[in-house]
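# Architecture at a glance
Chain residues, written in single-letter form:
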Amino acid sequence: MPNQAPTLPREDPTPASAGAEPAIRLRGLRKEFGPVRAVDGVDLDIPAGEFFSMLGPSGSGKTTVLRLIAGFELPTGGTIELDGREVSRLPPFDRDVNTVFQDYALFPHMSVLQNVEYGLRVKRVPKGPRRERALDALRSVHLSDHAERKPSQLSGGQRQRVALARALVNRPKVLLLDEPLGALDLKLRLAMQTELKALQREVGITFIFVTHDQDEALTMSDRIAVFNEGRIEQVGTPVEVYEHPASAFVAGFVGTSNLISGHAAEAVIGRPGVFSIRPEKIRVDGDLSQPAGDGETSATGTLTNVVYAGATMRYEVSLDAGGQLAVLQQNTEGRRNASAGTTGRDEPFRTDTRVRLSWRHEHNVRVPDQR
Ligand code: ADP
Ligand code: MG
């Protein structure tokens, strides 16, 4: 894949400094389907040019928010502004957004080029400029060589790129992507994550990317909104959301749920409350006589589960003070750790081993109690 792809000029390029109004502003947005509250009061500002992800479990309202922004659904309450203009009740074609769906929705009887041109044909863009723009869009997704093929003659990843080109050709201010990589296998998905992110930087269009995959959201996004039951629990950069989860839900959904609370929190951390500790921050030590280091929190416990996962070891530890913690360690020790859990002499960490866990105080992240 070439590194350099042609840029796709916007119809009305606006300097970054002109971004007084966010590309998208949602205020008190609500949507009910009969008794189901799909979207339950969402407030959100998304600046122009951002790669913004909506992350949350299935049924948390992500797709509905996207469909409300696109105009495929009308809100029960609240407002939607695009570029400072209220569009809450406008039909889809009056909004400067385009959607890429998970199933691609390509026309099977049309060539790749015809698929990409389709939106412009509907808008009655004359043939010359239409073709030029379509070829431009195909170049930006590295598919110029496949313009005459039918969708059935493409791989899944290539079809996904046609769907992208078809949306980009309209040069929307905002591109809405609903789990666009969900149908691809893992390797291709990882490759497309990198490509999609690079493409977004090139074209400078605001991307609103829906996913239930935390890794995808963490690796691709400028900012993430974490959804739960029709509401946003937290908005922040990947670092903010991962290192400083604002709720127990976020701590559990973005990463492994690793909470200490109640008596265990008082005994181990010395304060009441609910604390999130990320598994990779914790060190396991088989020597219980070693005291905790300066600035470290420490707890003793028993290994209840040892999992060899190639690059990493995963431990589950039942704390003497109560509660369970998961620990994730890189397999820097190779054979020694690799044989843990089986027989042999030089494996300190087997199930039922007594261990000391330690981690730096700053990795005790206080999260508000469950609402
Ligand atoms: P997500 O994309 O996060 O999985 P959705 O926005 O699709 O969630 O759905 C949110 C909730 O709204 C779910 O409970 C879903 O069943 C419900 N819902 C979505 N669309 C409809 C619809 N057209 N009719 C009735 N209920 C719907
Ligand atoms: Mg969905």
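Residues numbered from 1 in each chain as written. Chains lettered and ligands numbered in written order. Predicted model: local features only at pLDDT ≥ 70, side-chain atom pairs only at ≥ 80, totals over all residues. Heavy atoms only, no water.

## Regarding the overall build of the protein chain
Helix and strand counts for the protein chain stand at 10 helices and 18 strands. Taken along the three principal axes of its C-alpha coordinates, the protein chain extends 80 × 45 × 40 Å. Counting every position in the protein chain, which comprises 371 residues, the buried fraction comes to 49%. Considering only contacts within the protein chain whose residues lie at least 6 apart along the sequence, 65% involve residues at least 24 apart. (Helix = DSSP H or I, 4+ residues; strand = E, 2+ residues; numbered from the N terminus. Buried < 20%, exposed > 50% of the residue type's maximum accessible area, 1.4 Å probe, protein only. Contact = heavy atoms within 4.5 Å.)

## Considerations on the nonpolar core
Residues V116, L138, L164, L175, L177 and F207 are the most contacted members of the largest nonpolar core, which totals 35 residues. Counting residues per element, the ones that place at least two in this core are α2 (112-122), α3 (127-140), α4 (156-168), β7 (174-178), α5 (186-203) and β8 (206-211). The element best represented in this core is α4, accounting for 6 residues. Not counting residues up to four positions away in its chain, the partners in contact with F207 are E50, F51, F52, L175, L177, L196 and Q200. In terms of nonpolar packing, the next biggest core, distinct from the first, is built from 26 residues, I24, L29, V174 and L176 among them. (Core = buried A, V, L, I, M, F, W, Y, C linked by side-chain atoms within 4.5 Å.)

## Overview of the domain arrangement of the protein chain
Interface size is commonly expressed as the accessible area that is lost once the parts come together. Taken as a whole, the protein chain is organised into domain 1 (24-96 + 172-253) and domain 2 (258-367). The straight-line distance from the C-alpha centre of domain 1 to that of domain 2 is 35 Å. Both sides of the domain 1 and domain 2 interface together cover about 680 Å² of buried area, and 49% of this is carbon and sulfur. Per-residue buried area on domain 1 facing domain 2 is highest for Y242, E243 and A251; these three make up 61% of the total on that side. For the pair domain 1 and domain 2, the interface holds 1 salt bridge. Across the pair E243 and K281 runs a salt bridge whose closest N-O atoms are separated by 3.3 Å. Linking domain 1 with domain 2 are 4 residue pairs in polar contact (both at pLDDT 80 or more), by the criterion used here. Mapped by element, the contributors of at least two residues to the side of domain 1 that touches domain 2 are α7 (238-243) and α8 (248-253). (Domains from an automatic or database assignment. Buried area = accessible area lost by both parts, 1.4 Å probe. Salt bridge = Lys/Arg side-chain N within 4 Å of Asp/Glu carboxyl O. Polar contact = N/O pair within 3.5 Å; in protein donor to acceptor, adjacent residues only side chain to side chain.)

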